[in-house]
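Notes for the structure review
The primary structure of each chain is shown beneath.
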Amino acid sequence: MTALIEARALTRSFAVSQGLFKGKRTLHAVNGISLDIRRGEVLGIVGESGCGKSTLARMLLGLLPPSAGAITLEGEDIRALGRKAMARRVQPVFQDPYSSLNPRRSIASIVALPLEVHGIGTAAERRRTAVDMLDKVGLPQRFADRYPRELSGGQRQRVAIARALVMKPEVVVCDEPTSALDVSVQSQILNLLMDLRRELNLTYVFISHNLAVVEHIATRVAVMYLGRVVELAETAALFSAPRHPYTKALLASVLTPEPGQGIPETGLGLAFPDPLHPPSGCPFHPRCPERLPQCASVVPPFLRDGRGAVSCHLHGPAMDPAAAH
Amino acid sequence: MSSLQNDVILAVDGLSVDIATQRGTLHAVRDISFEVKRGETLCLVGESGCGKSMTSLAIMDLLPKGATRRARRLAFAGEDLSRAGARRINALRGDRMAMIFQEPMTALNPAYTIGNQLVEAYRLHRKASEAEARERAVHLLGKVGIASAGERLGQYPHQLSGGLRQRVMIAMALMCGPDLLIADEPTTALDVTIQAQILRLLADLQRELGIAMVLITHDLGVVARIADRVAVMYAGQIVEEGPTAALFGNPRHPYTRGLIDCIPVPGRTQPGGKLGVIPGVVPSLVGDVRGCSFRDRCAFAREACAAAPPVHRAPDGQSWRCILENAA
């Protein structure tokens, strides 16, 4: 698999007001992330609120310019590529199907809008394409002239997916696509995404806080913490042998529906991640049950090896990972 | 005390909640019955609109305008709340029965300090002095794992993280030492690592203090790990109820089975494979609702389902509302 999208040392900061007389503070939502997205894969991005996963998604979509670093699509810088050319190849599906659809447009015209913007086909052709696409996502023709308010959450998310696919993109960036849905609807949307991926040879970036869903759908997973990727590995490897202490804690916190297992002890303590006041050294060190003396002062390098990549002093080059445990 | 009634803290018998809408009466909760004993956790689980939150609000007499409740009996520690007056309910609520909401930011008053909000109910119900109340607040903040609790009392809700706010909510609910705690999606707004911490805390405190807990959630993972017994709600009814291990091990109602099959579980579901689905949508609960409300979505539906389905009971305490006598 070759890299379809490459992100190099990607950083995005925001100036955040601290209050009327306090001046502004810089929030590094994404802090030096380098990442490849390979053709045909489902790259899962997991992490807790405030870790920067949605900011990363918006940059990958070309909706938000990075403060530093660059993104290339098949070797071409996306800034040179331009917004429209980018939109033909990379499309989003967002979390909330209630706010991402225009309430005053019919379903067919919502799905046809990208075609209209790009000046593809006549109005009649566009409608036909939109209706075909709606059919593909499981919405029969009778939905074409309805409005978003007449649809359930799951049906709206199908509309959002149809709109994303109508331009025949190569990459779909899904940002928490099932988080607002009930579990019985979530499974339908996940099945649909998997079917469409096979049928249309899509590449997905799948952002979610739900680890069970990511384990199910992703082929490779990046774990984010306070603006950085702390671990990256093939899905099976990451879930069976997590290396970063944060990944371990995250996986341990997942409550699978298995009675009698009790509630896990995460060992994380009471500190919580605050993106406005990131800790020195390794961003995870205040919560880390395995921290070493250097963790408070030295940012661990992002080391790539045969198993993936990890950013942790326990897995540094000077240290044998086996001996660290 | 309630020990005379074999430790049943809450006994709900035939509770219904109706909501007046422009299209007619919406039957949000339809004739449900359950019991919770001291030291026991009952989970009410179901998808949006199944009536689980309305059930909790009806018990606490906190229903929104336009919603009315009916019950044959709504017994709290043997006392029928459905016949109690507003004054009596006010005396019990926040004292012997307490509630934790999903979003601590909306449940806490942003204009008052944590300390003010913690001591308010305690001083009201216990006629305690400010100093006594603050002492108890510090004690409980410590118990829910908040360090330097004394300083926290002077802070406002916005100065705390989501996890800390939810801990404050729990401490507040425990101020008067309630017999019954109703927690409505207490960890849904939180990150998974914080969720695990909060649930552990709730389970430990509940066991230690012998509280009867009703936990409302849509998350089967939470249910499996914390509940002693589970009631599965669908379209305003309890369609299945039973001990947690039995219900997950041998779900009898087709809806329960369907719900469990929808979620990916490592080791059980094939990565990238098909997940189970429940086709169709929840029926409208406006107007007359007849027969099994799940029949339009059920693979086992037959003509007899148009009539109200019978309730079956297994010796292990599991009960289900379905024409199927054995597991779906």
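Residues numbered from 1 in each chain as written. Chains lettered and ligands numbered in written order. Predicted model: local features only at pLDDT ≥ 70, side-chain atom pairs only at ≥ 80, totals over all residues.

Naming follows an unreviewed UniProt entry, where chain B appears as ABC transporter ATP-binding protein of Chelatococcus albus. Among the UniProt annotations of chain B, the heading Subcellular location (unreviewed entry) holds the following wording: "Cell inner membrane". We quote the UniProt Sequence similarities (unreviewed entry) comment for chain B here in full: "Belongs to the ABC transporter superfamily." (UniProt positions renumbered as here; feature names shortened; annotations may be inferred.)

As annotated in an unreviewed UniProt entry, chain A is ATP-binding cassette domain-containing protein from Chelatococcus albus. In its Sequence similarities (unreviewed entry) section, UniProt records this for chain A: "Belongs to the ABC transporter superfamily." The Subcellular location (unreviewed entry) field of the UniProt record for chain A holds the comment "Cell inner membrane".

**Re the packing of helix H7 (residues 162-174) of chain B against helix H8 (residues 192-209) of chain B**
Residues and elements named next belong to chain B. Where H7 meets H8, the closest approach of the two axes is 10 Å, and the angle between their N-to-C directions is 15 degrees. Here H7 lies roughly parallel to H8, going by the angle between them. Where H7 crosses over H8, the handedness of that crossing is right-handed. Of the residues in H8, those touching H7 at Gly162, Gly163, Gln166, Ile170 and Leu174 are Ile194, Gln197, Ile198, Leu201, Leu202 and Leu205. Considering only residue class, the contact of H7 with H8 consists of seven nonpolar, four polar and no charged. (Axes fitted to C-alpha atoms, helices over the stretch in contact; angles between N-to-C directions. Helix = DSSP H or I, 4+ residues; strand = E, 2+ residues; numbered from the N terminus. Parallel < 35°, antiparallel > 145°, perpendicular 65-115°, else oblique. Left-handed = near helix turned anticlockwise from the far one by under 90°. Contact = placed C-beta atoms within 7 Å. Nonpolar A, V, L, I, M, F, W, Y, C, P; charged D, E, K, R; others polar.)

**Focus on the UniProt feature "domain: ABC transporter" (unreviewed entry) in chain A**
The UniProt record marks residues 5-251 of chain A with the feature "domain: ABC transporter" (unreviewed entry), using the residue numbering of this structure. The span residues 5-251 of chain A is 38% helical and 28% strand by assignment, and the distance between its end C-alpha atoms comes to 27 Å.

**Quick word on the environment of phenylalanine 302 of chain A**
All names here are of chain A. Here phenylalanine 302 shows up in the loop between helix H10 (245-253) and strand S11 (303-305). For phenylalanine 302, a count of 17 C-beta atoms within 10 Å corresponds to the partly exposed category. Non-local contacts of phenylalanine 302, meaning those with residues more than four positions away in its chain, are made with Val229, Ala309 and Ser311. (Buried ≥ 20, exposed ≤ 12 C-beta atoms within 10 Å, placed from the backbone.)

**Examining the pairing of strand S1 (residues 3-17) of chain A**
Regular strands show a simple pattern: their side chains alternate between the two faces of the sheet. All names here are of chain A. Strand direction decides the pairing type here: S1 and strand S2 (residues 24-38), joined by twelve bridges, are antiparallel. By the bridge assignment for S2, isoleucine 5 is matched with isoleucine 37. As defined by bridge partners, S1 adjoins strand S4 (residues 68-73) across five bridges and the pair is classed as antiparallel. Within S4, the position partnered with threonine 11 by the bridge is alanine 68. (Pairing = 2+ DSSP bridges.)

**Overview of the confidence of the model for chain B**
Residue and element names in this part refer to chain B. Mean pLDDT over chain B: 91, with 98% of residues reaching 70 or higher. Of all secondary-structure elements in chain B, the lowest mean pLDDT belongs to helix H3 (residues 104-107), at 78, while strand S10 (residues 229-234) reaches the highest, 98. Low confidence marks residues 1-5, where pLDDT is under 50. Its contacts with residues over four positions away, or in another chain, come to seven contacts. The ipTM for the predicted assembly is 0.86, set against a pTM of 0.90. (pLDDT = per-residue confidence, 0-100.)

**Side note on the UniProt feature "domain: ABC transporter" (unreviewed entry) in chain B**
Taken from the UniProt record, the annotation "domain: ABC transporter" (unreviewed entry) applies to residues 10-260 of chain B. Secondary structure content for residues 10-260 of chain B is 40% helix and 27% strand, while the C-alpha to C-alpha distance between its ends is 28 Å.

**Focus: the sheet that holds S1 of chain A**
All names here are of chain A. Read from one edge of the open sheet, four strands run S2-S1-S4-S5, paired in antiparallel fashion. The outermost strands of the open sheet, each flanked by one partner alone, are S2 and strand S5 (76-77). One ladder, built from two bridges, connects S4 with S5; its direction is antiparallel. Note that in S5 the partner of threonine 72 across the bridge is aspartate 77. This element, helix H1 (residues 53-60), spans S1, S2 and S4 of the sheet and lies at about 60 degrees to S2.

**Topic: the sheet that holds strand S11 (residues 237-243) of chain B**
Residue and element names in this part refer to chain B. Taken in spatial order, the eight strands of this open sheet run S7-S8-S9-S3-S10-S11-S13-S12, and their pairing is mixed. Where the open sheet ends on each side, the last strands, each with one partner, are strand S7 (97-100) and strand S12 (311-313). The mean angle between the axes of side-by-side strands here comes to 15 degrees, regardless of whether they run parallel or antiparallel. With five bridges joining them, strand S3 (residues 41-45) and strand S9 (residues 212-217) adopt parallel strand pairing. Pairing of leucine 44 across the sheet is with isoleucine 216, part of S9.

**Remarks on the interface of chain A and chain B**
Across the contact, 40 residues belong to chain A and 42 residues belong to chain B. Every element with two or more residues in the side of chain A that touches chain B is listed here: helix H7 (183-200), helix H8 (211-217), helix H9 (235-240) and H10 of chain A. When residues of the side of chain A that touches chain B are assigned to their parent elements, the largest contribution, eight residues, is made by H7 of chain A. Here the residues of the side of chain A that touches chain B are counted per class, giving 19 nonpolar, 16 polar and five charged.

**A look at helix H4 (residues 114-126) of chain B**
Residues and elements named next belong to chain B. Taking 1.5 Å of rise per residue, the 13 residues of H4 would be expected to cover 18 Å, and the 19 Å separating its terminal C-alpha atoms lies within 8% of that figure. Considered for burial, the residues of H4 that qualify are Ile114, Gly115, Gln117, Leu118, Val119 and Tyr122. The secondary structure elements touched by the buried residues of H4 are helix H5 (130-143), helix H6 (149-152) and H7. Residue lysine 127 follows H4 closely and has a positive phi angle near 50 degrees. (Expected span 1.5 Å × (residues − 1).)

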